[in-house]
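Summary of the model geometry
Chain residues, written in single-letter form:
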Number of protein chains: 2
Amino acid sequence: MLAACGPREQAAAPAAAPAAPAVITGETVRWRLASTFPRALDTIWGAAEVFAKAVSDATGGKFQVSTHPAGEIVPAMGVFDAAQTGAIEAAHTATYFFFGKDDALALANGGISFGLNGRQMTSWFFEGGGLALSRELLDTFNLVNFACGNTGVQMGGWFRREIRTPADLQGLRFRAGGFAGRVLERIGMVPLAMPAGEIYQALERGTVDGAEFVGPYDDEKLGFHRVAPFYYYPGFWEAGTQLDLLVNKTAFNALSPEYKAIVNQAATLAHTTMLARYDALNPAALKRLVAGGTRLMPFPRAVMDTAFRAAHTLYEELNATNPRWKKLYDHQIAFRRDQVLWHGLAEASFDSYMQLQGRNNRL
Amino acid sequence: MLAACGPREQAAAPAAAPAAPAVITGETVRWRLASTFPRALDTIWGAAEVFAKAVSDATGGKFQVSTHPAGEIVPAMGVFDAAQTGAIEAAHTATYFFFGKDDALALANGGISFGLNGRQMTSWFFEGGGLALSRELLDTFNLVNFACGNTGVQMGGWFRREIRTPADLQGLRFRAGGFAGRVLERIGMVPLAMPAGEIYQALERGTVDGAEFVGPYDDEKLGFHRVAPFYYYPGFWEAGTQLDLLVNKTAFNALSPEYKAIVNQAATLAHTTMLARYDALNPAALKRLVAGGTRLMPFPRAVMDTAFRAAHTLYEELNATNPRWKKLYDHQIAFRRDQVLWHGLAEASFDSYMQLQGRNNRL
């Protein structure tokens, strides 16, 4: 992908290499950050801006990160390679988009079907051992990764026709992000990967029969409701997709310890802010969509069960063939078992009680 | 509560005043932070340490925050006053402990019964308008507040006898944190406030009939399972209690813009880390407790309904009498309505599906 429109050809003033590896303290540093997302998605693109502002604020403007939406200096799906080679210092993306390089990258950001939800993924990453495991994997790509956003459980996406049984999914051309396609193809769908900016046109032209992105706020902006009436949930293929700040290793190592700490803290601010923003914005968008005629539908239980079995068959196959996958998977899945047990008590009983009160108009 | 153990009487060496209000950039700053919690609770006390280390890391040790557990320089419940007067620069606590000063302080940290859950509270605070509203309230106490931890939905606590109906709660002397007592007393309980470090002895001596703190990992350390066999959930009085970093306003305003940004980012790192740590540690503690004979029990529906009605009657009374309460309450409760609606779709359906798979040993 980069061969066709790599950053070295298109960028206005690409740095030949990251800053010299001297230790920098309080000195001027300039990074370029390329995002996989378009500027119009102020939630997910916004995380890159929150990060850049936080770094600047903490350093009195001495450490500047310029942020570039998809296609401005690097194409949406070229940001991983560009950060790896040092053509840019940092990318804001999700590692599961790059599972073609190694399926294990889908585990590094929690981007597998029936994986950890957002809170569980944050626990795994920050305090459950996920940071060290994902860093070890990303290190082989010359990258240092930081948690920089989470979507929570996504919606399942938009369909032109009602889905009553797993048979209704057969042959359906469906846009899905990242690693989801590996599971969806096993339940008969025809998954198609494309960046956010290209989905609406594909739906409108009938190149795809259905599409998902994240949730109501983004989906409304992307216009999906204008071409598909059925809005399914949950997006079982993305329960807690983490967004990643991927930093070129040489560029990161050139920073002073203070600047390294600031990068981590600024990324964590962006991480926390992104899901908070989604939650704050999604309810109103959801209500507007429903008022406009969108039909909210849960996936039938048989669809969930079929996908659950297909996903875990795939995971066992990968466990047998890819030791990097196995190392992360076994750890993450044991963590999942414990988290689901724990979240099934106080969290689940409280939330379901409040939802009941909501349905009875007592809130 | 505060009259008996105010900081001015007991603090070993209170600073006369915070640092001089000159703007400081890259200069040496020393703060003292007092926590409401004992060092043994590495989760909730740990957030203060994460914050202090992050500030030091980001400034090359030039901005040092010394951290002091409950009672070391200020008593557990004296930290609010001590930060307000400038005897210390910062406190790590939860504003709801100080509802005796103003009931509205219970809304500032999401510490009301049937309130927002952890993720919803973080959304309200960071992106939903809660930051500005709570800052306005805390400003009247000469404090600047930052989110610095969240417990998630807490467990309901430990009881010596089974709770079958609301009548079983009548006259029960129960240790509960913060604002919870205002609701529990209305359903016939006798709520008693005491710091974490004093609860076990009270249970052992029979001064209280039951007690709650946060969840399995802390509760196991506090030894509650040794004196009460029934462990109820959910802690409907604390669904998403936020911990707060409360900074003396004069001390905060004396910081450079860079140091102010670093305080915010370091607090957010601690905020995110604390709940991640609870989630990572609670499952194993839960399993140990159950293996040791603890009996996990959901509160009966009638108990939940009785408490829900009592809580909202109280809230309406406060709405009628306390304009500061009303300003935060109306905003937070409208936010709650939307959040419960939104979380009832993708999040709830995914989580409940995974819990079902867990119960069927498929995880």
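Residues numbered from 1 in each chain as written. Chains lettered and ligands numbered in written order. Predicted model: local features only at pLDDT ≥ 70, side-chain atom pairs only at ≥ 80, totals over all residues. Heavy atoms only, no water.

Let's shift gears to the overall build of chain A. Each helix and strand in chain A was counted, giving 15 helices and eleven strands. Relative to the compact-globule value of 21 Å for 363 residues, chain A shows a C-alpha radius of gyration of 20 Å, a close match. By its C-alpha atoms, chain A is 60 × 50 × 45 Å across when sized along the principal axes. Looking at chain A as a whole, 64% of its 363 residues qualify as buried. Taking as baseline every contact in chain A between residues at least 6 positions apart, the subset at least 24 positions apart corresponds to 77%. On chain A, roughly 12200 Å² of surface is accessible, and the fraction owed to carbon and sulfur atoms is 53%. (Helix = DSSP H or I, 4+ residues; strand = E, 2+ residues; numbered from the N terminus. Rg over C-alpha atoms; globule rule 2.2 N^0.38 Å. Buried < 20%, exposed > 50% of the residue type's maximum accessible area, 1.4 Å probe, protein only. Contact = heavy atoms within 4.5 Å. Areas by Shrake-Rupley, 256 points an atom, 1.4 Å probe, with all protein chains shown as cover.)

What follows covers the sheet that holds strand 1 (residues 29–35) of chain B. Hydrogen bonding along the main chain pairs the strands of a sheet, whether they run parallel or antiparallel. All names here are of chain B. Across the sheet, five strands lie side by side as 2-1-3-10-4; this open sheet has mixed pairing. For this open sheet the edge positions go to strand 2 (63–68) and strand 4 (143–150), each flanked by a neighbour on one side alone. Strand after strand, the sheet turns through a mean of 25° between neighbouring axes, direction not considered. Packed onto the sheet, helix 2 (residues 46–58) meets strand 1, strand 2, strand 3 (90–93), strand 4 and strand 10 (242–248) and runs at close to 165° relative to strand 2. (Pairing = 2+ DSSP bridges. Axes fitted to C-alpha atoms, helices over the stretch in contact; angles between N-to-C directions.)

Take the UniProt feature "binding site: substrate" (unreviewed entry) in chain A next. All names here are of chain A. Residues annotated in UniProt with the feature "binding site: substrate" (unreviewed entry) correspond here to Q154, R175, E212 and E238. Across 85 residues, the annotated set stays spatially compact, with a maximum C-alpha separation of 14.0 Å. Its location among the elements puts E212 in the loop between strand 8 (210–211) and helix 10 (216–222). Beyond its immediate stretch of four places on either side in the chain, E212 contacts Q154, M155, G156, G157, F174, R175, A176, G177, I199, F224, W237 and E238. Here G177 takes part through its backbone nitrogen, which lies 2.8 Å from a polar atom of the side chain of E212. Summarising the element assignment, E238 is placed in the loop between strand 9 (230–233) and strand 10 (242–248). Look at E238 and you get buried, because its relative accessible area is 1%. Apart from the residues within four sequence positions on either side, E238 is in contact with Y96, G152, V153, Q154, G177 and E212. For E238, the side chain forms a polar contact with the side chain of Q154, separated by 3.0 Å. (UniProt positions renumbered as here; feature names shortened; annotations may be inferred. Polar contact = N/O pair within 3.5 Å; in protein donor to acceptor, adjacent residues only side chain to side chain.)

Moving on to the state of the cysteines. Within the structure shown, the criterion is met by zero disulfides over all chains. We note that C148(A) lacks a disulfide partner, and the nearest cysteine sulfur, in C148(B), lies 20 Å from it. (Disulfide = S-S within 2.5 Å.)

Once that is clear, we can look at the environment of G293(A). Within the fold, G293(A) resides in the loop between helix 12 (257–291) and strand 11 (295–298). Considering only alpha carbons, one finds G293(A) and E198(A), 95 residues apart in sequence, at a separation of 24 Å.

Another aspect to go through is the sheet that holds strand 8 of chain A. Residues and elements named next belong to chain A. Overall, mixed pairing links the six strands, which are arranged 7-6-8-5-9-11 in an open sheet. Across the chains shown, the open sheet's two edge strands, defined by having one partner strand only, are strand 7 (190–192) and strand 11. Pairing geometry for strand 9 and strand 11, over four bridges, is parallel. The residue bridging Y231 from the neighbouring strand is L296, located in strand 11.

Residues and elements named next belong to chain A. Listed under "binding site: Na(+)" (unreviewed entry) in the UniProt record, and renumbered for this structure, are F213. For F213, the location among the structural elements is in the loop between strand 8 and helix 10. In this view, F213 contacts F37, L41, Q154, R175, A196, I199, D218, D219, L222 and F224; residues no more than four positions away in its chain are not counted.

Attention shifts here to the pattern of salt bridges. Applying the stated rule across the entire model yields 38 salt bridges over all chains. A salt bridge links K53(A) to D57(A); the shortest N-O distance between them is 2.7 Å. Of this pair, K53(A) and D57(A) both sit in helix 3 (residues 46–58), four residues apart, roughly one helical turn. Residue K53(A) is classed as exposed on the basis of its relative accessible area of 53%. A salt bridge links K249(A) to D139(A), with the shortest nitrogen-to-oxygen separation between them at 2.8 Å. Of this pair, K249(A) sits in helix 11 (residues 249–253) while D139(A) sits in helix 7 (residues 130–139), and the two are 110 residues apart along the sequence. What makes D139(A) partly exposed here is its relative accessible area of 36%. Through salt bridges that share partners, R119(A), E347(A) and D279(B) make up one connected network. (Salt bridge = Lys/Arg side-chain N within 4 Å of Asp/Glu carboxyl O.)

What follows concerns the nonpolar core. By size, the foremost hydrophobic cluster in this structure holds 265 residues, and its most contacted members are W31(A) and W31(B). Residue contacts for W31(A): discarding those within four places in its chain leaves F63(A), Q64(A), V65(A), S66(A), E89(A), A90(A), V247(A), A251(A), F252(A), L255(A) and V263(A). (Core = buried A, V, L, I, M, F, W, Y, C linked by side-chain atoms within 4.5 Å.)

All right, on to the side chain of S134(A) then. Residues and elements named next belong to chain A. Position of S134 among the secondary structure elements: in helix 7. Among the polar contacts listed, one links the side chain of S134 to the backbone oxygen of L131, at a separation of 3.2 Å. Not counting chain neighbours up to four residues away, the residues in contact with S134 comprise A108, F125, N145 and L328.

Attention shifts here to the relation of the copies chain A and chain B. Mapping chain A onto chain B calls for a rotation angle of 180° and an axial translation of 0.0 Å; the resulting RMSD is 0.0 Å. Such values leave the two copies arranged in the relation of a two-fold axis. Among all residues of chain A, the minimum C-alpha distance to the rotation axis is found for Q265(A), at 2.8 Å. The residues that chain A uses at the interface reappear at the interface of chain B in 100% of cases, marking a shared surface. (Least-squares fit on C-alpha atoms with pLDDT ≥ 70 in both.)

Evaluated as defined, the whole model comprises 58 aromatic pairs over all chains. Following the ring pairs from residue to residue traces out a cluster consisting of F114(A), F159(A), F174(A), Y232(A), F236(A), W237(A), F299(A), F308(A), F350(B) and Y353(B). Taking NZ or CZ as reference, R135(A) lies 4.6 Å from the ring centre of F146(A), over its face. (Phe/Tyr/Trp six-rings, centres within 6.5 Å; stacked < 30°, edge-to-face > 60°. Lys NZ or Arg CZ within 6 Å of the ring centre and 35° of its normal.)

Right, let's talk about the interface of chain A and chain B for a bit. Contacts between the two partners involve 73 residues from chain A and, on the opposite side, 73 residues from chain B. Between chain A and chain B, the buried area comes to about 6400 Å², and carbon and sulfur atoms account for 67% of it. Considering only the surface of chain A that becomes buried against chain B, Q265(A), W342(A) and F350(A) emerge as the three largest contributors, covering 11% of it. The tally of links from chain A across to chain B stands at six salt bridges. For D279(A), the salt bridge is made with R119(B), and the minimal N-O distance between the two is 2.6 Å. Scanning the region where chain A abuts chain B turns up 27 residue pairs in polar contact (both at pLDDT 80 or more). Contributions of two or more residues to the side of chain A that touches chain B are made by helix 3, helix 6 (118–127), helix 12, helix 13 (301–321), helix 14 (323–343) and helix 15 (346–359) of chain A. Ranked by the residues each element gives to the side of chain A that touches chain B, the list is headed by helix 12 of chain A, at 21 residues. Counted by class, the side of chain A that touches chain B contains 36 nonpolar, 22 polar and 15 charged residues. (Buried area = accessible area lost by both parts, 1.4 Å probe. Nonpolar A, V, L, I, M, F, W, Y, C, P; charged D, E, K, R; others polar.)

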